[in-house]
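Overview (structure and organization)
This is what each chain is made of:
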Amino acid sequence: MKSIGLLMIVVGLAMTIFTTFKYFSRDKIVDIGKLEITANVPHYYSWSPLIGVLVMGIGAVIVWQSSKKSI
């Protein structure tokens, strides 16, 4: 359980620092017979940095509870 908590803390820190994820998809613009024109279209996925703080908090609680049980 402790490793899961530590992983959640690292993921939460990354979500707090990097709040936007950008990826591209290829869309057809023109398709006339053998002529095909495509374009890369960017898509953005954003979240609040507070979600990263919440994930870090949950990870910290998991680490705290797992260390409490082992003693």
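What follows covers a nonpolar patch on the surface. On the surface, Ile-29, Ile-32, Leu-35 and Ile-37 cluster together into a nonpolar patch covering about 390 Å² of accessible area. Contributions of two or more residues to the nonpolar patch are made by strand S1 (20–32) and strand S2 (35–46).

Its place among the elements puts Lys-28 in strand S1. Apart from the residues within four sequence positions on either side, Lys-28 is in contact with Glu-36, Ile-37 and Thr-38.

Looking now at the packing of aromatic side chains. How two aromatic rings sit relative to each other is given by the distance of their centres and the angle of their planes. Scanning the entire structure with this criterion turns up 2 aromatic pairs. Ring geometry for Tyr-45 against Trp-47: centres 5.8 Å apart, planes inclined by 50°, an arrangement best described as tilted. Residue classification places Tyr-45 among the exposed residues on the basis of a relative accessible area of 53%.

This paragraph deals with the pattern of salt bridges. Counted under the stated rule, the structure contains 2 salt bridges. Taking the shortest distance from any N to any O, the salt bridge between Lys-28 and Asp-31 comes out at 3.5 Å. The class for Lys-28 is exposed, based on a relative accessible area of 52%. Overall, the relative accessible area of 46% leaves Asp-31 in the partly exposed class. For Glu-36, the salt bridge goes to Lys-28, with nearest N and O atoms at 3.7 Å. Shared partners join several salt bridges into a network, and the residues in it are Lys-28, Asp-31 and Glu-36.

How each quantity is defined
Residues numbered from 1 in each chain as written. Predicted model: local features only at pLDDT ≥ 70, side-chain atom pairs only at ≥ 80, totals over all residues. Heavy atoms only, no water. Patch = residues over 30% accessible without salt bridge, like charges linked within 9 Å, V, L, I, M, F, W, Y side chains within 5 Å. Areas by Shrake-Rupley, 256 points an atom, 1.4 Å probe, with all protein chains shown as cover. Salt bridge = Lys/Arg side-chain N within 4 Å of Asp/Glu carboxyl O. Helix = DSSP H or I, 4+ residues; strand = E, 2+ residues; numbered from the N terminus. Contact = heavy atoms within 4.5 Å. Phe/Tyr/Trp six-rings, centres within 6.5 Å; stacked < 30°, edge-to-face > 60°. Buried < 20%, exposed > 50% of the residue type's maximum accessible area, 1.4 Å probe, protein only.

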